[in-house]
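# Overview (structure and organization)
Listed below, chain by chain, are the residues.
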Amino acid sequence: MVNLVRTVLGDVPADELGICDAHDHLFLRSPRLPGQELDDPERAAGQLEAFRALGGGTVVQWTPYGMGRRAADLAALSASTGVHVVAATGLHQAAHYAPEVLHQLGRSHPGSPAPAHLPDPARLSDLFVGELAEGIGESGVRAGMIKVAGAFHGVDAHARRTMTAAAEAHHRTGAPIGVHLELGTGALDVLDLLCGELEVAPGRVLLSHLGRCPDVGAQREAGRAGAFLAFDGPSRANHATDWRLPDQLVALAEAGLGGRLLLGGDTTVPETPGMPYLLHRVRPRLEEALGKELLDTVLTTNPARAFGFVRG
């Protein structure tokens, strides 16, 4: 069995990823962030080059459908900088889309019970599978993960439909599912749906933004269930949580969950330290707290397992 990761330039062996920024954005636009778009290929190239100079090997862009992914630019940037890039399919919270986009995605298949204002799971799963297996639009670039989002302390109707579609696409392709947890909450509700009701193996689910809620008990429970635990920052909007990061990771490592941890920069707006900061400033602090061997596992070994597609 070979563990492969689907990058924007094609499938590569997972053990070739090197140091991985497991959750970031090179391009992103949303109605919730007017005037703060990430939409500059030159800036993106500079970020990747700086990340590469610090030893970085792979960046996973969690920007999903309809949020300015610029898939063709991702491929060109990966080729020019030598950094592996993984793109995402999937759908974020409804607030990140114009109403007409959601209306189009809610046009139901015959017999579908989905109301018109909510996305239709059957339609979405076909979209996700197409972007994973064939490519994003006319770019020819295939996505390597599915990104969906929970609600604050739970799973709302929009999230239930997008997660149902993500689970179906996962079962058809083997792609991992990354989940935005609103303010770091709702992890166990998400796992109840994805892994309990929808039968996704917990090891194929990546829970993000956990640093935004200091509930180590819930994090331990999610990790013990088998999910990957992604801590990402410093994002401009959430930098106040970063001082807790070493203590949170140490607590999880002491609980035997070092093999479930992931790290990312989650650059969402231009005025952010950026993905090089993860290696330049965050890495030394975490190496002191966790030790070099465990931190190498978190940055290299764990992402190779989290983002792989297993093939015979």
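One can find the structure itself at the top, above this paragraph.
### Structural notes on helix α4 (residues 121-133)
- In this model α4 runs 18 Å from its N-terminal to its C-terminal C-alpha over 13 residues, within 8% of the 18 Å that 1.5 Å per residue would give.
- Among all positions of α4, only Leu124, Ser125, Phe128, Val129, Gly130, Glu131 and Leu132 are buried.
- Phi for Gly135, located one or two positions after α4, is positive at around 145°.

### Side note on the packing of α4 against helix α5 (residues 157-173)
- Packing of α4 against α5 leaves a shortest axis separation of 8 Å and a crossing angle of 45°. As the angle between them shows, α4 and α5 are arranged oblique. Along this stretch, α4 crosses α5, giving a crossing that reads as right-handed. Within the contact between the two elements, α4 uses Pro121, Leu124, Ser125, Asp126, Phe128, Val129 and Leu132 and α5 uses Arg161, Thr162, Thr164, Ala165, Ala166, Glu168, Ala169, Arg172 and Thr173.
- For the contact of α4 with α5, the class distribution of residues is eight nonpolar, four polar and four charged.

### A few points about the packing of α5 against helix α6 (residues 187-197)
- At their nearest, the axes of α5 and α6 sit 10 Å apart, and the two run at 35° to each other. At the point where α5 passes α6, the crossing takes the right-handed sense. The residues of α6 that touch α5, namely those facing Arg160, Met163 and Ala167, are Val190, Leu193, Leu194 and Glu197.
- Residues of the contact of α5 with α6, tallied by class, amount to five nonpolar, no polar and two charged.

### Points about the sheet that holds strand β7 (residues 145-149)
- Pairing is parallel in the open sheet, where six strands are placed in the order β6-β7-β8-β9-β10-β11. Edge positions in the open sheet fall to β6 (88-90) and β11 (261-264), since each of these has one partner strand only. Direction aside, neighbouring strands of the sheet carry axes that sit 30° apart on average.
- Across four bridges, the pairing between strand β8 (residues 177-180) and strand β9 (residues 205-208) is parallel. Bridge pairing in β9 links His180 to Ser208.

### Quick notes on the sheet that holds strand β4 (residues 56-61)
- Across the sheet, which stays open at both edges, the three strands sit in the order β3-β4-β5 with parallel pairing between neighbours. Single-partner strands in this sheet number two, and they are β3 (19-24) and β5 (84-86). Ignoring which end each strand starts from, the neighbouring axes of this sheet average 20° apart.
- Where helix α1 (residues 41-53) meets the sheet, it contacts β3, β4 and β5, and its direction lies at approximately 140° from that of β4.

### Structural notes on the packing of aromatic side chains
- Overall, the coordinates contain zero aromatic pairs when judged by the stated rule.
- The positively charged end of Arg260 is found above the aromatic ring belonging to Phe228, 4.1 Å away from the centroid.

### Topic: the environment of Ala72
- The topology assignment puts Ala72 in helix α2 (residues 71-81).
- Given the relative accessible area of 48%, Ala72 is considered partly exposed.
- The spacing of Ala72 and Val141 is 69 residues in sequence and 6.7 Å in space, taken between C-alpha atoms.

### Overview of the pattern of salt bridges
- One pass over the full model with this rule turns up ten salt bridges.
- Between Arg160 and Glu197 there is a salt bridge, and its shortest N-O distance comes to 3.0 Å. Here Arg160, found in helix α5, pairs with Glu197, found in helix α6; they are 37 residues apart in sequence, far enough to count as distant.
- Its relative accessible area of 35% is what places Arg160 among the partly exposed residues.

Parameters at a glance
- Residues numbered from 1 in each chain as written.
- Predicted model: local features only at pLDDT ≥ 70, side-chain atom pairs only at ≥ 80, totals over all residues.
- Heavy atoms only, no water.
- Helix = DSSP H or I, 4+ residues; strand = E, 2+ residues; numbered from the N terminus.
- Expected span 1.5 Å × (residues − 1).
- Buried < 20%, exposed > 50% of the residue type's maximum accessible area, 1.4 Å probe, protein only.
- Axes fitted to C-alpha atoms, helices over the stretch in contact; angles between N-to-C directions.
- Parallel < 35°, antiparallel > 145°, perpendicular 65-115°, else oblique.
- Left-handed = near helix turned anticlockwise from the far one by under 90°.
- Contact = heavy atoms within 4.5 Å.
- Nonpolar A, V, L, I, M, F, W, Y, C, P; charged D, E, K, R; others polar.
- Pairing = 2+ DSSP bridges.
- Phe/Tyr/Trp six-rings, centres within 6.5 Å; stacked < 30°, edge-to-face > 60°.
- Lys NZ or Arg CZ within 6 Å of the ring centre and 35° of its normal.
- Salt bridge = Lys/Arg side-chain N within 4 Å of Asp/Glu carboxyl O.

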